[in-house]
Amino acid sequence: MHRFLILNGPNLNLLGTRQPEVYGSVTLDDIEALCQAHGTRIGAQVSFQQSNHEGVLIDAIHAARTDFDGIILNAGAYTHTSVALMDAIASIDRPVIELHLSNVHAREPFRHVSYISKVAQGVICGFGAKGYVLAMDALAGILDG
Ligand code: CA2
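Conventions and cut-offs
Residues numbered from 1 in each chain as written. Predicted model: local features only at pLDDT ≥ 70, side-chain atom pairs only at ≥ 80, totals over all residues. Heavy atoms only, no water. Salt bridge = Lys/Arg side-chain N within 4 Å of Asp/Glu carboxyl O. Buried < 20%, exposed > 50% of the residue type's maximum accessible area, 1.4 Å probe, protein only. 1 Å grid on protein atoms, 1.4 Å probe; cavity = no way out; pocket = protein on both sides within 12 Å on 5 of 7 lines; lining within 4 Å. Points joined across faces, edges and corners; volume = space filled by probe spheres on them. Nonpolar A, V, L, I, M, F, W, Y, C, P; charged D, E, K, R; others polar. Phe/Tyr/Trp six-rings, centres within 6.5 Å; stacked < 30°, edge-to-face > 60°. Helix = DSSP H or I, 4+ residues; strand = E, 2+ residues; numbered from the N terminus.

### Here's the deal with the pattern of salt bridges
- Applying the stated rule across the entire model yields 3 salt bridges.
- The shortest N-O distance in the salt bridge between glutamate 108 and arginine 107 comes to 3.9 Å.
- With relative accessibility at 33%, the residue glutamate 108 sits in the partly exposed group.
- Ionic pairing is found between glutamate 108 and arginine 111, a salt bridge with its closest N-O pair at 2.7 Å.
- Accessibility expressed as a relative area gives 17% for arginine 111, which makes it buried.
- One salt-bridge network, in which partners are shared between bridges, spans Arg107, Glu108 and Arg111.

Structure, rendered in structure tokens:
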């Protein structure tokens with residue numbers, strides 16, 4: 001059974017409370033339920049985590065060296081700023097799928113830049129909560145070769 005870390009960055013704990021026109025009306029708990037259900041369907045064990053702190057996200061990425069087979073990462077705004085997260089991903093030998101609920105390329109220019117994309121296997125954005133399911137299928141495909 002594949003072990004997936006689904007890691008969510010800053011402010012994503014607020015999903016469902018504001019900006020539904022951008023991020024949809026689902027909460028992060030709803031998304032976790034979606035991912036756990038899909039994990040059961042495809043035979044993946046899912047650890048779903050969120051932190052507002054860059055260092056905590058980096059520690060979680062490091063833990064994937066021993067505890068997980070791959071990562072789905074919605075790094076939130078750290079996507080556009082964090083060399084430290086990029087270096088953490090580059091330091092582990094595990095596939096990472098970059099994920100965004102919104103289509104970042106249709107938004108402000110600063111969201112078109114991603115440090116995560118430089119070290120991710122691929123990027124899924126613009127599909128809302130469904131993107132997490134798409135990313136799980138993509139990660140399973142990578143791990144199954
Ligand atoms: O589209 C995505 O998933 C993002 O990673 C979300 C980040 C944003 O900075 C990225 O550019 C794209 C922001 C998450 C904040 O989510 C909120 C949800 C509800 C209310 C306030 C913020």
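### Describing the layout of surface pockets
- The space that makes up the largest pocket amounts to roughly 420 Å³.
- The wall of the largest pocket is formed by 19 residues, among which Pro10, Asn11, Leu12, Gln19 and Tyr23 lie closest to the centre.
- In the lining of the largest pocket, the residues fall into 8 nonpolar, 8 polar and 3 charged.

### Focus on the packing of aromatic side chains
- Following the criterion strictly, the structure yields 1 aromatic pair and no others.
- Seen in terms of ring centroids, phenylalanine 48 and tyrosine 132 are 6.3 Å apart; in terms of plane orientation they differ by 40°. Their pairing is tilted. Here phenylalanine 48 is found in strand 2 (residues 44-50), whereas its partner tyrosine 132 is found in helix 5 (residues 130-144), with 84 residues between them in sequence.
- A relative accessible area of 13% places phenylalanine 48 in the buried class.
- Tyrosine 132 sits in the buried class, given a relative accessible area of 1%.

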